[in-house]
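Here's the letter readout for the chains.
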Amino acid sequence: MPALNDWVAQVAALTRPSAIQWCNGSDAENEALIARMLADGTLEKLNEQTHPGSYLHRSHPDDVARVEHLTFVCTTHHEDAGPNNHWMAPEEGHAEMDALFDGCMQGRTMYVIPYCMGPIDSPLSRCGVEITDSPYVVANMRIMTRMGAPALARIEREGSFVKGLHSIGELDPNRRFIMHFPEELMIKSYGSGYGGNALLGKKCHALRIASHQARSEGWLAEHMLILGIENPQGETHYVAAAFPSACGKTNLAMLIPPEGYRNAGWKVWTIGDDICWMRPGADGRLYAINPEAGFFGVAPGTSAKSNANALASIQKNTIFTNVGVTADNQPWWEGLDNGQTPVTDWRGNAYDATKGPAAHPNSRFTVSAKQCPSYSPKAEDAQGVPISAIVFGGRRASLVPLVFEARDWTHGVLVGAAMGSETTAAATGAVGVMRRDPMAMKPFCGYNFADYFSHWLSFDTDGAKLPKIFHVNWFRKGDDGKFLWPGFGDNLRVLEWMIQRVKGEAAAVETPIGALPAEGALNLEGIALGDEAKAKLFGYDRAGWQAEFSSIGEYLDEYGPRMPQALKDEQQRIAGM
Ligand code: GDP
Ligand code: PGA
Ligand code: MN
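Conventions we followed
Residues numbered from 1 in each chain as written. Chains lettered and ligands numbered in written order. Predicted model: local features only at pLDDT ≥ 70, side-chain atom pairs only at ≥ 80, totals over all residues. Heavy atoms only, no water. Near = heavy atom within 4 Å. Polar contact = N/O pair within 3.5 Å; in protein donor to acceptor, adjacent residues only side chain to side chain. Areas by Shrake-Rupley, 256 points an atom, 1.4 Å probe, with all protein chains shown as cover. Nonpolar A, V, L, I, M, F, W, Y, C, P; charged D, E, K, R; others polar. Core = buried A, V, L, I, M, F, W, Y, C linked by side-chain atoms within 4.5 Å. Buried < 20%, exposed > 50% of the residue type's maximum accessible area, 1.4 Å probe, protein only. Helix = DSSP H or I, 4+ residues; strand = E, 2+ residues; numbered from the N terminus. Contact = heavy atoms within 4.5 Å. Expected span 1.5 Å × (residues − 1). Bend = angle between axes of the 7 residues up to and from the residue. Phe/Tyr/Trp six-rings, centres within 6.5 Å; stacked < 30°, edge-to-face > 60°. Lys NZ or Arg CZ within 6 Å of the ring centre and 35° of its normal. Pairing = 2+ DSSP bridges. Domains from an automatic or database assignment. Buried area = accessible area lost by both parts, 1.4 Å probe. Salt bridge = Lys/Arg side-chain N within 4 Å of Asp/Glu carboxyl O.

> Describe the site of ligand 1, listing the residues and the values that go with them.
Taken together, 17 residues are adjacent to ligand 1, and A246, G248, K249, T250 and N251 come closest. With respect to ligand 1, the backbone of F488 contributes an N or O atom lying 2.9 Å from an oxygen atom. In the complex, 88% of the free accessible area of ligand 1, which totals 590 Å², lies under the protein chains. Tallied by class, residues from the shell around ligand 1 come to nine nonpolar, six polar and two charged.

> Describe in detail the nonpolar core, supporting the description with residues and values.
In terms of nonpolar packing, the biggest core is built from 106 residues, with M278, I390, F392 and W456 touching the most fellow members. Looking at this core, the element that brings in the most residues is helix α5 (residues 135-144), giving seven residues. If we skip the residues at most four places from it in the chain, W456 touches L220, E222, M224, M278, I390, F392, W409, V413 and M439. By size, the runner-up hydrophobic cluster in this structure holds 37 residues, among which are L255, V268, F470 and F475.

> Before we move on, can you summarise helix α8 (residues 201-217) with the specific residues and values?
The terminal C-alpha atoms of α8, which comprises 17 residues, lie only 19 Å apart, well short of the 24 Å expected from a rise of 1.5 Å per residue. Of all the bends in α8, the greatest, near 45°, is centred on A210. Among the 17 residues of α8, 13 are classified as buried, and the element is accordingly described as predominantly covered.

> Talk me through the packing of aromatic side chains; I want residue IDs and the actual numbers.
What the rule picks out here adds up to 20 aromatic pairs. Ring centres of F404 and W545 lie 6.1 Å apart, and the angle between their planes is 85°; on these two criteria the pair is classed as edge-to-face. Here F404, found in strand β25 (residues 403-405), pairs with W545, found in helix α16 (residues 542-557); they are 141 residues apart in sequence, far enough to count as distant. Centre to centre, the rings of W409 and W456 are 5.5 Å apart; their planes meet at 20°, and the pair counts as stacked. Of the two residues, W409 sits in helix α12 (residues 409-417) while W456 sits in helix α13 (residues 449-457), which places them 47 residues apart along the sequence. With relative accessibility at 5%, the residue W409 sits in the buried group. Put simply, the rings of Y447, F449, Y452, F453, Y555 and Y559 touch in pairs and so form one group of aromatic residues. Stacked on the ring of F181, the Lys or Arg K188 has its end atom at 5.9 Å from the ring centre. The ring of F475 carries R395 above its face, with NZ or CZ at 4.1 Å from the centroid.

> Pulling in residues and values, what's your account of the sheet that holds strand β21 (residues 331-332)?
In space, the three strands of this open sheet follow the order β21-β20-β22, with antiparallel pairing throughout. Bordering the open sheet on either side are β21 and β22 (342-344), each of which pairs with just one other strand. Sheet topology note: the strand β20 (residues 324-326)/β22 ladder contains two bridges and is antiparallel. Each residue of the ladder has a partner; that of V325, found in β22, is T344.

> Kindly report on the domain arrangement of the protein, identifying the contributing residues and their values.
Split into domains, the protein comes out as domain 1 (2-43 + 71-217), domain 2 (222-292 + 378-539) and domain 3 (294-371). Taking the mean C-alpha position of each, domain 1 and domain 2 sit 31 Å from one another. The interface is formed by 32 residues belonging to domain 1 together with 28 residues belonging to domain 2. Approximately 2,600 Å² of surface area, both sides summed, lies buried where domain 1 meets domain 2, with 53% of it carried by carbon and sulfur atoms. A per-residue breakdown of the area domain 1 buries against domain 2 is headed by N84, L124 and R215, which together make up 26% of the total. On the surface where domain 1 and domain 2 come into contact, there are five salt bridges. Where domain 1 meets domain 2, there are 18 residue pairs in polar contact (both at pLDDT 80 or more). Among the elements of the structure, α3 (78-81), β6 (109-117) and α8 are those that each provide at least two residues to the side of domain 1 that touches domain 2. Per element, the largest residue contribution to the side of domain 1 that touches domain 2 is 11 residues, and it comes from α8. Its residues placed into classes, the side of domain 1 that touches domain 2 shows 14 nonpolar, nine polar and nine charged.

> Residue-level account of the pairing of strand β14 (residues 236-242), with values.
For β14, the tally of buried residues reaches six of seven residues, placing the bulk of the element in the interior. Where strand β13 (residues 224-230) lies against β14, seven bridges are found, and the strand directions are antiparallel. Bridging from a neighbouring strand, I229 pairs with H237 of β14. Here β13 folds back onto β14, and the loop between the two strands holds five residues, one of which, G234, carries a positive phi near 85°. Sheet topology places β14 next to strand β24 (residues 385-393); five bridges connect them, and they run parallel. Across the sheet, the residue bridging to V239 is A389, located in β24.

> Which residues make up the pattern of salt bridges, and what are the values?
Summed over the entire model, instances satisfying the criterion amount to 32 salt bridges. Its salt-bridge partner being D381, residue K378 comes within 3.6 Å of it at the nearest N-O pair. Of the charged contacts, one joins R407 and E570 as a salt bridge, the two residues approaching to 3.9 Å between their closest N and O atoms. Taken together, the residues R407 in the loop between β25 and α12 and E570 in helix α17 (residues 565-575) connect sequence positions 163 residues apart. A relative accessible area of 35% places R407 in the partly exposed class. Here E570 falls in the buried class, since its relative accessible area comes to 9%. Because the salt bridges share partners, they merge into one network encompassing K202, K203, K249, D274 and E292.

Shown next, in the form of structure tokens:
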């Protein structure tokens, strides 16, 4: 295909690799890459008896998370990127990046990776090609995307694809940039090997570029997990939920029902744990696909108790990044709780509890979705699944109750736009600082948030059968600083209330922020909640919310006249209640 061949030739002329390898995604190709990485120390083999086909990668210690301050959206007009993005003019961005890429692959192999985001036969899927000098990126992209020959065939048929150019460069934080050129469907990423910065199909393509593309094509590219809830009657409802990075998407997507629910016949099916592409179907409902083929999950905290499905998924054929290891070479992280102890930390040093955790807080596993026991066969469906409810949520120690329901679509868009969350280790910078993270897309929306909210509002057309919108907070804390809600499997209780609301079956109390579960409407059988917990999880704090709403108003105003009036009116209406 000329457009692809020309681009590969141009990149090779700029970066001057010693060899070019087109990746077909075969087992033989993967085995050769792994052998190469074992030889040069990029990977270490883990215990073959306990973790067959699994490897450990230790990144550069300064390269362990996404770098939001070095991530740019380069649109012709600055306002199109919005105050939510760092911006550079496209010519300037290209010049800056091309200077870094000049000769950067000398002595290295350049890999060309054709990939498809979404089932290979789905009209909702989109393709891309990543060029990289990192075999670790190739091995991860093989797990996270549909990579290789079938993707190349689709690209040749369609003629268009997202171009992603990546080099680990010198892994120097001072020579590191992640730039997006949405008008050209192009990504340039230099100086980092970390997942969110380097696996360009993921956050760069499937969120930043795709959100821009989705706006012009009438669909949504969202930072959402997708799960199916099958009730004892055998009906399955699909829910999409947006939580910021390291705020519980992977855990909710793989939820295991509490025992009582399990015995009664409830099942939860995983479709995706991070990204959701959806668009209206002929019947007016929103249909969603998971564009990814694997999970790039946070290791710490993953245990048989918190997320048994994730733990079962990662027993074989898994790449672990920045975890600790035990004396017999098994991967280890804080919260694994399997009775073992680490001897080596994520840097490769002898483990010393006084010097910090054995696993980096943002250490990760990369694994094929097919290995997840709860993986839904519907995840491979070209048409996607119909969404009954959309959930927004953040990490909020105070104010925000366990769950509330938006009045209608416009109010729901405001609930998403007003989301706040405490920062986590998934990005570099301070942890635990509350910031606005609308729809969990602050680091990922490829255009002006004001235009993004307008796009969301535009789905409310005659004939649309839109999902109900909810907000949750699993992270409310008591006066003692401990979480008040047990979370994890017990989150199914909240999902059950939502589905009952969708069907018009559960009772609620109206408040200015939306409908809260009426006393007794949300099943709390089998869990012990004290009076403080009940008051904080199910209560409405009028004074606190008035302060919150004035801060939300100020936030919307930062976007000036581009902010849709309907959203400002909605904020005013609630602020006045
Ligand atoms: P993701 O990055 O959004 O996919 O987040 P994860 O599902 O990987 O979870 C990130 C962190 O939040 C992990 O340490 C989890 O143990 C923790 N977590 C997830 N769900 C819950 C919950 O319901 N309650 C509490 N307290 N913690 C949770
Ligand atoms: P997540 O994203 O934390 O939302 O799983 C992965 C990343 O940081 O790239
Ligand atoms: Mn995750």
